[in-house]
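# Overview (structure and organization)
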Amino acid sequence: MIERITANPKILGGKPIIRGTRISVEFILDLLASDVSEEDILEDYPHLTREDIQACLRYAARSCKNEIYVALETAAP
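The sections below set out a description of the structure shown in this document.

About the cut-offs
Residues numbered from 1 in each chain as written. Predicted model: local features only at pLDDT ≥ 70, side-chain atom pairs only at ≥ 80, totals over all residues. Heavy atoms only, no water. Disulfide = S-S within 2.5 Å. Helix = DSSP H or I, 4+ residues; strand = E, 2+ residues; numbered from the N terminus. Buried < 20%, exposed > 50% of the residue type's maximum accessible area, 1.4 Å probe, protein only. Phe/Tyr/Trp six-rings, centres within 6.5 Å; stacked < 30°, edge-to-face > 60°.

### A short note on the state of the cysteines
One pass over the full model with this rule turns up zero disulfides. Unpaired in this structure, Cys64 has its nearest cysteine sulfur neighbour in Cys56, at a distance of 13 Å.

Here it is as structure tokens:
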């Protein structure tokens, strides 16, 4: 499903988007995080599919994989 996601420097500054649209992965994730249901997204954007939404979630999950978080200490003044 990741093949549904693409990036082009000429579209939305190179943000990952759903292929064939100008809808960013970030936008879909923001909608979902704001408790907008998949059904509402599909109703508002009828050219999208459930598979497009799932691809956004998979893209986000894969982009978080193997991230390493390092606690930084504040430098003394």
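### What to know about unusual backbone geometry
With phi around 50°, Leu12 is a residue other than glycine that occupies positive phi space. Its location among the elements puts Leu12 in the loop between β1 (5-6) and β2 (17-18). On the basis of relative accessibility, which here comes to 37%, the residue Leu12 falls in the partly exposed class. Unusually for a residue other than glycine, Asp35 sits at a positive phi of about 70°. Relative to the assigned elements, Asp35 resides in the loop between α1 (25-33) and α2 (38-44).

### Remarks on the packing of aromatic side chains
Inspection of every chain in the model, using the stated rule, returns one aromatic pair. Ring centres 5.8 Å apart and planes at 85° place the aromatic pair Phe27 and Tyr45 in the edge-to-face group. Of this pair, Phe27 sits in helix α1 while Tyr45 is found in the loop between α2 and α3 (50-64), placing the two residues 18 residues apart along the sequence. Residue Phe27 is classed as partly exposed on the basis of its relative accessible area of 33%.

The values are spatial; any link to function lies outside them.
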